[in-house]
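If you want the building blocks of each chain, they are given just below.
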Amino acid sequence: MKSVLEFAAAKAAGRKISMITCYDSSLARVAEASQVDSILVGDSAAMVVHGYPDTLAATVEMMAWHTAAVRRGAPTRFLIGDLPFLSFRKGVPAALDAVAALVRAGAQAVKLEGVAGHEDVIEAIVGSGVPVMGHLGLTPQSVNALSGFRVQGRLDDDAARIVEDARRLEALGCFSMVLECVPSALGARITRSLRIPTIGVGAGPDCDGQVLVLNDLLGFTGTHRPRFVRAYVDGNGIVRDALDRFDADVKQGRFPTAAESYDA
Ligand code: KIV
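The sections below set out a description of the structure shown in this document. As the structure is a computational prediction, the values presented were derived from the model and not from experiment.

Conventions used here
Residues numbered from 1 in each chain as written. Predicted model: local features only at pLDDT ≥ 70, side-chain atom pairs only at ≥ 80, totals over all residues. Heavy atoms only, no water. Helix = DSSP H or I, 4+ residues; strand = E, 2+ residues; numbered from the N terminus. Rg over C-alpha atoms; globule rule 2.2 N^0.38 Å. Contact = heavy atoms within 4.5 Å. Areas by Shrake-Rupley, 256 points an atom, 1.4 Å probe, with all protein chains shown as cover. Buried < 20%, exposed > 50% of the residue type's maximum accessible area, 1.4 Å probe, protein only. Core = buried A, V, L, I, M, F, W, Y, C linked by side-chain atoms within 4.5 Å. Near = heavy atom within 4 Å. Polar contact = N/O pair within 3.5 Å; in protein donor to acceptor, adjacent residues only side chain to side chain. Nonpolar A, V, L, I, M, F, W, Y, C, P; charged D, E, K, R; others polar. Patch = residues over 30% accessible without salt bridge, like charges linked within 9 Å, V, L, I, M, F, W, Y side chains within 5 Å. Salt bridge = Lys/Arg side-chain N within 4 Å of Asp/Glu carboxyl O. Expected span 1.5 Å × (residues − 1).

Our next topic: the overall build of the protein. If you tally the helices and strands in the protein, you get ten helices and eight strands. Whereas a compact globule of 264 residues would reach a radius of gyration of roughly 18 Å, the protein reaches 20 Å, a difference of no more than 12%. Counting contacts in the protein only where the partners sit at least 6 residues apart, residues at least 24 apart contribute 58% of the total. Total accessible area on the protein is roughly 13300 Å²; 56% of this is exposed by carbon and sulfur atoms.

So, in structure tokens, the structure goes:
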């Protein structure tokens, strides 16, 4: 995908949208060569790359560095930069500075979590000509208010609030939204009620598209793997095996060979 117009066209045509997160140039090169439609430089970088327990440590500077790295590896893929914790909650001018940093780093759109209390910011970003992707359901930047990474919208009142928030995001001009960790029925209900596409992560099969954290998809997971994650390869196992073979080759004098060394 090259533009937001293709997101709308995909929904209109009933074509599913694939999205991955990515944080660095070498994996972005692989994504660029794949069929995957779009890349999100998620603030999950704070957890996946930097080892923090949640996304609250992500900063605009961190996100701009990762966005620029991914853009260099994937020059033509539709790229969304994630606005990190509080960067869009300090008023319109500060939010636009954060947006500018991500767009200058190569993002074609930005994503932000929630809607209540920053409608003006969403309107200002959309009005400035930068496409905005919403994010509802489990919004990890509110992990402390939500008391952990939990499924959202199981109670009728919560579900109704999320449906209403989704409508507000659409009315404010968002081109798409992530639905994270909500029951499948709620994912389907929101998807049916909107003209813009929903991209699910733990939101069931009826969303207009699906996003997975790249490291989860590649099997570089820790001890806890959420049920919505499908690992397509055993990254941990493959890499550990390669490291052990390298270690054995070095220790047994099999690496390097003459062909892997320089003549005088
Ligand atoms: O930061 C992130 O990786 C995300 C996706 C899970 C949607 O927000």
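Now that the structure has been shown, the text picks up again.
Now for unusual backbone geometry. Look at the link from F255 to P256: it is a cis peptide, with omega at 0°. Here L86, not a glycine, exhibits a phi torsion of approximately 70°, which is positive. Its place among the elements puts L86 in the loop between β3 (78–82) and α5 (92–104). For L86, a relative accessible area of 39% corresponds to the partly exposed category. Despite not being glycine, C181 shows a phi value in the positive range, around 50°. Among the secondary structure elements, C181 is positioned in the loop between β6 (176–180) and α8 (184–193).

Our next topic: the nonpolar core. In terms of nonpolar packing, the biggest core is built from 51 residues, with I39, L83, V110, I122, I125, M177 and I190 touching the most fellow members. With near-sequence residues (within four places) excluded, I190 lies in contact with I162, V163, A166, L179 and T198. Grouped together as the second largest cluster of nonpolar side chains are 15 residues, L40, M133, F175 and V211 included.

Neighbouring the ligand are the residues T21, L40, G42, D43, S44, D82, K111, H135, V178, V211 and V213. In the environment of the ligand, an oxygen atom lies 3.0 Å from a nitrogen or oxygen atom belonging to the side chain of D43. Interatomic distance of 3.1 Å between a side-chain N/O atom of K111 and an oxygen atom of the ligand. About the coverage of the ligand: the protein hides 94% of its 260 Å² of free accessible area. When the residues that make up the shell around the ligand are grouped by side-chain class, the tally is four nonpolar, four polar and three charged.

With that out of the way, let us pick up a nonpolar patch on the surface. A surface patch of nonpolar side chains, about 420 Å² in accessible area, is lined by F220, V233, I238, V239 and L243. As for its placement among the helices and strands, I238 is situated in helix α10 (residues 235–251).

On to the environment of A33. By the element assignment, A33 lies in helix α2 (residues 25–33). According to the relative accessible area criterion, A33 is exposed, its value standing at 68%. Along the chain, A33 and L217 lie 184 residues apart, while their C-alpha atoms are 17 Å from each other.

The terminal C-alpha atoms of α10 lie 24 Å apart, and with 17 residues this matches the ideal 24 Å at 1.5 Å per residue to within 8%. G253, located one to two residues past α10, shows a positive phi value of around 70°.

As a further point, take the side chain of T55. Considering the arrangement of structural elements, one finds T55 in the loop between α3 (45–48) and α4 (60–73). You can call T55 buried: its relative accessible area is 2%. Discounting residues that sit within four places of it in the chain, T55 has contacts with D43, S44, A46, M47, P140 and Q141.

If charged atoms from side chains of opposite charge come close, those side chains can pair. Inspection of the entire model under this criterion finds eleven salt bridges. R161 is the partner of D165 in a salt bridge, and the nearest nitrogen-oxygen pair spans 3.8 Å. In this pair, D165 and R161 are both assigned in helix α7 (residues 156–171), four residues apart and thus about one turn of the helix distant. On the accessibility criterion, D165 (10% relative accessible area) is buried. Between E170 and R195 there is a salt bridge, with its nearest N and O atoms 3.5 Å apart. With E170 in helix α7 and R195 in the loop between α8 and β7 (198–201), this residue pair connects regions lying 25 residues apart in the sequence. Bridged by salt links that share partners, the residues E119, D158, R161, D165 and R168 form one connected network.

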